[in-house]
Structure formats: C-alpha cells, structure tokens
Amino acid sequence: MAAAAGLVAAAAAALGALLMAPGLTQPHGEGPPEESGPGPRGGAVAERRPAGRMDQALLLVRNELPAQGLRLAARSGACHQCLYQLLAFVPPSNGSLRAPGTAAVMVDTQHPLTLRLNGSVGDQELCKIQYHFGEFGNYSLVVKTISTSTKTVSCDLVINEGPINSYLPILFAFLVYTGILAILIVGRLFMKIDPVRNWVYKKLNPREMDRLINSELGSPNTTDSVSSDPTPRLWSTASRQRLRSLDTFRGLSLIIMVFVNYGGGKYWFFKHESWNGLTVADLVFPWFVFIMGTSISLSLSSMLRWGSSKRKVLGKILWRSFLLILLGIIVVNPNYCLGPLSWDSLRIPGVLQRLGFTYLVVAALELLFTRAGAESGTLEMPCPALQDILPYWPQWIFILVLEAIWLCLTFLLPVPGCPRGYLGPGGIGDFGNYPNCTGGAAGYIDRLLLGEKHIYQHPSSSVIYQTTMPYDPEGILGTINTIFMAFLGLQAGKIILFYKDQHKQIMSRFFIWSIVMGIISAILTKCSKEEGFIPINKNLWSLSYVTTMSCFAFILLLLIYYLVDVKRLWSGAPFFYPGMNSILVYVGHEVFENYFPFKWKMQDSQSHAEHLTQNLTATTLWVIISYLLYRRRIFWKI
C-alpha cells in the first residue's frame with residue numbers, strides 16, 4: 001500500500017491527459033448565431049454556428065408560413081405540471097421561400113423537452129414535439145404549410161450537426177480507475193510471493209534487511225517483525241476490535257459526497273434532484289446520517305462498558321454536538337460568498353448543524369433509555385426475535401411522536417397563500433398556481449423562525465422550476481426525519497451488538513429491515529415519482545425519502561459487512577481511510593474547495609471532460625490525504 005498513493009496520484013495526471021485528449025473536448029464559441037443561406041436538407045438551414053454552453057443545443061426555427069408569426073415555448077420533462085416557457089417569437093415569412101422568418105434559441109439537453117408552437121393569430125396551437133436534444137447539437141425546426149386548402153401545418157425537426165457524446169469522459173474515467181484497481185490487485189498478489197516481497201522490502205529499507213540477514217538466528221523476533229513491516233497488519237486482532245465495514249460505509253458515503261459537492265463533472269445526475277425523485281447526489285447525506293447512528297450505538301455501549309458514568313458521557317455528547325454546529329456555522333457556510341463578516345445574511349441551517357443536532361438527540365435518547373443487561377441477553381424477553389427492539393420501547397414511542405409532529409405540521413399547518421399540505425416546489429410548478437409556496441410548511445417555518453436571509457438562497461428547484469423563494473434543504477422541519485434516519489442506523493448498531501459474531505443473524509436482520517423499509521416506501525409513494533401520498537424528496541427530507549434511503553442503507557451495509565468483516569475479501573480500501581477521518585475530510589474539502597490543487601483555471605469551462613477531470617482529481621487527493629494521515633495515525637476526532 002505504500003506505493004498506492006503515488007500510483008493513484010500518477011493516475012490522476014493520466015486521467016487528466018486522457019480526458020483532455022482530442023475528441024473528448026470541443027471548442028465552444030460564444031455570441032449570437034449568424035444567419036446564412038438555406039441548407040441542403042429540405043430547405044433547412046444547416047450552417048455551422050458557434051456552439052452554446054454546456055448541456056445546451058442550438059435550435060433554429062424556420063417559419064415558412066406567410067400569414068402569421070410563431071410563438072415557440074418549451075417545457076422540460078423533469079418539470080412536473082409546469083407552465084410552458086416562451087423561448088422565442090418567430091416572424092412570418094415574407095411570401096418567398098428564400099426569406100422565411102427565422103429565430104435561433106438554445107435549448108436544454110439534460111432532459112427531454114416538449115416544444116409547442118402557437119400561431120400569432122388566435123394563439124392556436126399548430127404543433128407539439130417531444131424530443132431529447134443532444135449536447136452541442138445543431139437542429140432546425142421547419143414549419144410550413146402542407147396543403148393550402150386545408151391549412152395543414154407540418155413541423156419537421158432536422159439534425160444539421162450531430163451532438164457529441166457527453167458521457168464518454170465518464171467511460172474513460174471508469175476505465176482509468178479500473179486499471180488502477182487491477183494494478184493494485186496484481187501488485188498485492190505478487191507481494192505474496194516470498195522472493196518478490198523480500199526484494200521489495202530490501203529496496204524500501206535495505207539497512208533493516210541487512211540487519212535481519214546478519215542476525216544470529218537469521219530471523220527477526222516479534223517486535224522486529226512488526227517494526228520492519230512497512231505495511232500495517234490489516235487483519236490483526238487489535239484492528240478487528242473495530243468493524244472496518246462501518247468506516248468503509250462512512251468513507252464511501254463521504255467520498256461520493258465530496259465528488260458531488262465539487263461538481264460531479266457538471267452532470268445533472270451528480271447534482272441534487274430539482275424536487276421529487278433521486279439522483280446520485282441525494283443518496284450520500286442520509287447514508288452518512290445512518291452510519292452515524294450505527295456508530296452512536298457502538299461507541300456509547302463501549303464507553304459505558306468501560307465504566308464511564310452517564311454524566312460524563314452526556315458531557316461528551318453535548319460538547320461534540322456544540323463543536324459540529326459551530327463548525328457548520330462559522331467554517332462551512334455557503335452564505336460567506338457575500339464576505340466573511342456578512343453576519344446579516346449568515347446561513348443558520350447546514351449539513352454539520354443538522355448532523356450536530358441529530359447526534360445530540362439520538363445519542364441522548366440512547367444514553368437515557370439504555371438498559372443494563374439488554375445487549376448481553378440477560379434480560380427476559382417475551383419475544384426473543386425482538387430482543388433488539390422491545391427493551392427500547394420508550395425510544396420508539398419518542399420517534400413515533402416526532403413523526404406524528406412532522407406529519408401534523410406538514411399536512412395541517414396553515415401556510416398563507418398556499419393550500420394545506422402542499423409539498424410542491426412552487427415557481428412554475430403546479431401550473432404556476434403557487435409560485436411562492438416552495439416547500440409548503442417546511443419552507444414557511446424556516447422563513448418565519450429564521451428569516452429569509454438566514455437560509456439557503458439557491459435551492460435546487462430554482463433552475464428547472466424557476467423558484468424565487470429561498471428554501472433550505474437542511475431546515476427545521478426536515479431535521480425530524482433526519483433524526484429518524486439516524487435512529488434507524490442506531491437500530492443497525494444494536495443488531496451488531498445483540499448478535500455479536502453471529503454473522504447470519506446480523507445479515508438476515510439487515511435484510512429484513514431493508515425489506516420492511518422498502519415496503520413502507522412503496523406504499524407511501526405508490527411506486528411513483530410524483531403521484532404518491534408522500535413523494536421521495538430530499539429537499540423536504542420526506543418520510544418516504546428516509547424509508548427509501550434506509551432500505552438502501554441496510555442493503556449496502558449488509559454487502560460491505562459481508563465482504564469486509566465476514567469473508568474478508570476486501571479490506572475496505574480506499575474508502576476505509578477517509579471513513580477514519582470523516583470530519584477532517586469533510587471540513588477540509590469545503591474550506592480548500594477553491595484552492596489549488598483542488599481547483600484550477602480551466603481551458604474550457606464548457607467541457608464536461610475538464611470538470612470531471614478536476615473533480616475526480618480533487619476527490620482522489622482527499623483519499624490520498626486520508627491514507628497518509630492513517631499511516632501516520634493522525635485522526636481528527638471531535
């Protein structure tokens with residue numbers, strides 16, 4: 001593993017060179033399109049125009065109708081029940097086919113679009129087209145009359161210049177990292193061969209090797225063996241006291257979080273969903289909360305077992321919660337873009353703030369209602385199958401009360417100007433009927449108690465749904481369901497404690513919990529993105545979002561636990577290392593986000609390849625940093 005960091009660093013440079021190779025990037029001009037003569041295909045204009053911005057295509061509308069102009073409007077396929085947005089007015093033809101009315105617009109390529117053309121006379125709908133445009137493609141939409149007697153109008157979409165494949169950089173990045181993995185696996189297999197291993201160790205530490213060869217017995221004692229081994233014993237008895245699967249799970253969540261926070265190559269599926277639904281970016285925060293709950297169960301049990309008083313443990317819980325909240329407000333605060341002393345617009349909610357408060361509630365709940373002898377199985381249980389649940393019935397009552405509060409506030413709280421129980425994004429959603437109702441009760445509570453200037457100003461709904469109201473995805477009401485998510489993780493920790501070393505029991509219970517959460521999600525959502533009782537929504541941290549994410553979390557933890565701690569087929573690397581230093585990596589990646597070598601000036605800011613190279617390089621650097629810190633036994637614990 002000593003050469004792994006250097007190998008990954010070299011691979012990052014190779015990745016950059018590979019992704020920036022000709023064919024994966026494209027020069028992009030700016031400025032208005034320039035008109036030229038008619039093109040060769042059906043009279044469509046097929047000239048090369050400057051390409052637009054990333055995730056856009058050029059559409060030239062050609063109006064050959066002599067009597068009326070056209071109004072071109074569009075609606076994104078990702079925008080549920082949205083109003084059409086006017087893109088352009090196309091003037092009428094002057095009667096000559098050589099001089100049709102034209103208009104050029106840039107259209108979105110991230111999601112399918114529905115284009116609607118209405119005539120300027122009577123605002124009659126002439127045609128409607130559904131199409132998924134390709135990035136940097138050049139298209140023409142030709143509108144003409146087929147029959148003058150019936151006044152039938154045709155709308156033909158012509159591809160003048162084919163789009164580029166914007167997903168090729170992801171494929172190349174995957175191949176590069178797969179190659180790194182293959183090299184590491186082959187290297188590890190070679191290191192199991194005695195002559196190879198001895199040669200490598202001699203090159204790395206020749207003096208120590210010579211001393212061992214020239215010793216009286218010709219072989220080192222136990223102390224010498226440990227000190228001369230440049231690699232840590234991954235599976236020693238001491239290391240086995242800590243479940244590597246938990247740190248691996250935490251590290252996996254954290255590394256994906258770092259990657260998407262850095263931009264995720266500017267791909268839409270590496271960004272948060274605009275409102276209902278899920279993307280890759282929506283998975284990681286609840287997983288991090290889940291594994292935090294699991295760690296709470298194990299750490300509190302350990303502290304109490306070693307004789308710490310509940311008063312002392314409570315003091316540690318309060319102090320850690322305070323530090324997390326303080327770090328979130330003072331250090332990691334996106335509203336600081338207005339200046340470091342902009343306290344009048346300081347964002348109060350945040351990721352670390354929510355983690356800190358959630359940790360306080362769940363850890364205090366566990367400390368308050370923990371029962372001596374429950375984990376050891378000395379308590380008599382009426383139902384042994386529920387021995388990890390029944391002793392903690394007060395905790396479940398508390399969580400159910402919290403969920404009842406969330407349901408009542410969400411669906412019964414009157415919100416001025418909004419329908420009761422509104423869960424929509426506002427803006428142009430719901431046909432524009434509730435433009436200022438973003439988030440319903442959740443948004444209203446934050447604006448009422450915290451003030452509009454002290455919450456997140458640019459929610460993910462502002463792009464597609466064109467919302468203008470500030471909304472915070474880490475607001476007050478959603479914290480209730482975050483507590484529920486951590487509590488489910490706490491339950492996973494109790495399973496590990498109650499069924500210690502009973503791997504089949506642990507994995508079967510993980511699987512059962514995953515099935516139960518999945519069934520609840522299916523009922524709440526009606527297996528639909530938009531039409532369920534409570535849709536999956538990360539912005540709201542809806543109940544169905546928590547049950548769905550916990551379903552995935554139990555399955556993922558089961559797989560990692562099986563591979564890492566049961567079969568020992570995987571050491572957890574490289575995710576294990578950032579998982580051991582999660583707070584440092586998270587705070588560090590936020591603080592140094594805009595500094596070299598995590599960010600640099602791009603040659604082409606409208607290239608997915610360049611963004612992906614930069615974001616993967618920055619993420620890889622944090623893995624290397626965490627690995628080096630692990631080697632030096634440096635851990636930042638709060």
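For the structure given in this document, a descriptive report is provided here. (Residues numbered from 1 in each chain as written. Predicted model: local features only at pLDDT ≥ 70, side-chain atom pairs only at ≥ 80, totals over all residues. Heavy atoms only, no water.)

For the rest of this paragraph, the subject is the overall build of the protein chain. On a plain count of helices and strands, the protein chain comes out with 18 helices and eight strands. Relative to its 638 residues, the protein chain shows a buried fraction of 50%. Of the roughly 30,600 Å² that the protein chain leaves accessible, carbon and sulfur atoms contribute 63%. (Helix = DSSP H or I, 4+ residues; strand = E, 2+ residues; numbered from the N terminus. Buried < 20%, exposed > 50% of the residue type's maximum accessible area, 1.4 Å probe, protein only. Areas by Shrake-Rupley, 256 points an atom, 1.4 Å probe, with all protein chains shown as cover.)

Summarising the element assignment, Y444 is placed in helix α11 (residues 441-449). Residues Y444 and P416, 28 residues apart in the sequence, show an inter-C-alpha distance of 8.6 Å. The residues touching Y444, leaving out its near neighbours within four places in the chain, are L413, P414, V415 and P416. (Contact = heavy atoms within 4.5 Å.)

Attention now moves to the side chain of S93. With respect to the helices and strands, the residue S93 is situated in the loop between β3 (85-90) and β4 (101-108). Classification of S93 as buried rests on a relative accessible area of 8%. Dropping the residues within four chain positions of it, S93 is found in contact with N63, E64, L65, P66, A99, P100 and G101.

This next bit is on helix α17 (residues 582-591). Burial runs high along α17: seven of the ten residues are buried. Where α17 is buried, its residues touch α6 (244-261), α7 (281-305), α8 (310-331), α9 (351-369), α16 (576-580) and α18 (608-631).

Strand pairing within a sheet occurs via backbone hydrogen bonds; the two strands may be parallel or antiparallel. A sheet is described by the order of its strands in space; here four strands give the open sequence β3-β2-β5-β6, paired in antiparallel fashion. Each of the sheet's edge strands pairs with one partner strand only, and the pair in question is β3 and β6 (125-131). Geometrically, the sheet is characterised by an average inter-axis angle of 20 degrees between neighbouring strands, direction not taken into account. Across seven bridges, the pairing between strand β2 (residues 70-76) and strand β5 (residues 113-119) is antiparallel. By the bridge assignment for β5, L70 is matched with G119. (Pairing = 2+ DSSP bridges. Axes fitted to C-alpha atoms, helices over the stretch in contact; angles between N-to-C directions.)

Inspection of the entire model under this criterion finds 33 aromatic pairs. Between the aromatic rings of F133 and Y139, the centroid separation amounts to 4.9 Å while the plane-to-plane angle is 85 degrees, which identifies the pairing as edge-to-face. Summarising the aromatic geometry, the rings of F249 and F290 are spaced 6.2 Å apart at their centres and angled 40 degrees between planes, so their arrangement reads as tilted. Taken as a pair, F249 in helix α6 and F290 in helix α7 lie far apart in primary sequence, 41 residues in all. The buried category is assigned to F249, whose relative accessible area is 0%. For F290, a relative accessible area of 0% gives the class buried. (Phe/Tyr/Trp six-rings, centres within 6.5 Å; stacked < 30°, edge-to-face > 60°.)

Quick look at the nonpolar core now. One finds F249, F290 and F510 to be the most contacted residues of the largest nonpolar core, which totals 95 residues. Residues contacting F510, with those up to four places away along its chain left out, are A492, I495, I496, F554, L557 and L558. One finds A57, L70, A103 and I129 within the second-largest nonpolar core, a separate group that totals 23 residues. (Core = buried A, V, L, I, M, F, W, Y, C linked by side-chain atoms within 4.5 Å.)

Time to look at unusual backbone geometry. Between A573 and P574 the backbone carries a cis peptide bond, its omega angle lying at 0 degrees. You can see P574 is positioned in the loop between α15 (543-566) and α16. A cis amide bond links F596 with the next residue in sequence, P597, at an omega value of 10 degrees. Relative to the assigned elements, P597 resides in the loop between α17 and α18.

With mixed pairing, four strands are arranged side by side in an open sheet as β4-β1-β7-β8. The open sheet has two edge strands with one neighbour each: β4 and β8 (152-161). Averaged over all pairs of adjacent strands, the angle between strand axes in this sheet comes to 25 degrees, irrespective of strand direction. Sheet topology places strand β7 (residues 138-147) next to β8; nine bridges connect them, and they run antiparallel. Note that in β8 the partner of Y139 across the bridge is I159.

Quick look at the pattern of salt bridges now. A full pass over the atoms with the stated rule returns eight salt bridges. One salt bridge connects D247 with R250, and the closest N-O pair in it is separated by 2.6 Å. One end of the pair, D247, and the other, R250, are both in helix α6, three residues apart, so they sit about a helical turn from each other. Both residues of the pair, D247 and R250, count as buried. Each of the salt bridges in this network shares a partner with another, and the network as a whole consists of R347, D472, E474 and K538. (Salt bridge = Lys/Arg side-chain N within 4 Å of Asp/Glu carboxyl O.)

Residues W319, F322, L326, I330, V331, W343, V591, F592 and Y595 make up a contiguous nonpolar surface patch of roughly 890 Å² in combined accessible area. For the nonpolar patch, the leading source of residues is α8, giving five residues. (Patch = residues over 30% accessible without salt bridge, like charges linked within 9 Å, V, L, I, M, F, W, Y side chains within 5 Å.)

Two elements in contact, helix α14 (residues 503-525) and α15, have axes separated by 8 Å at closest approach and are oriented at 160 degrees. Regarding the angle of α14 to α15, the classification is roughly antiparallel. In this structure, α14 crosses over α15, and the sense of that crossing is left-handed. (Parallel < 35°, antiparallel > 145°, perpendicular 65-115°, else oblique. Left-handed = near helix turned anticlockwise from the far one by under 90°.)

In this section: the state of the cysteines. Using the criterion set out here, one finds three disulfides in the structure. For C79, the disulfide goes to C82, at an S-S distance of 1.7 Å. Linking C79 and C82, the disulfide has an S-S dihedral of approximately -75 degrees and is accordingly described as left-handed. A relative accessible area of 6% means that C79 is categorised as buried. (Disulfide = S-S within 2.5 Å.)

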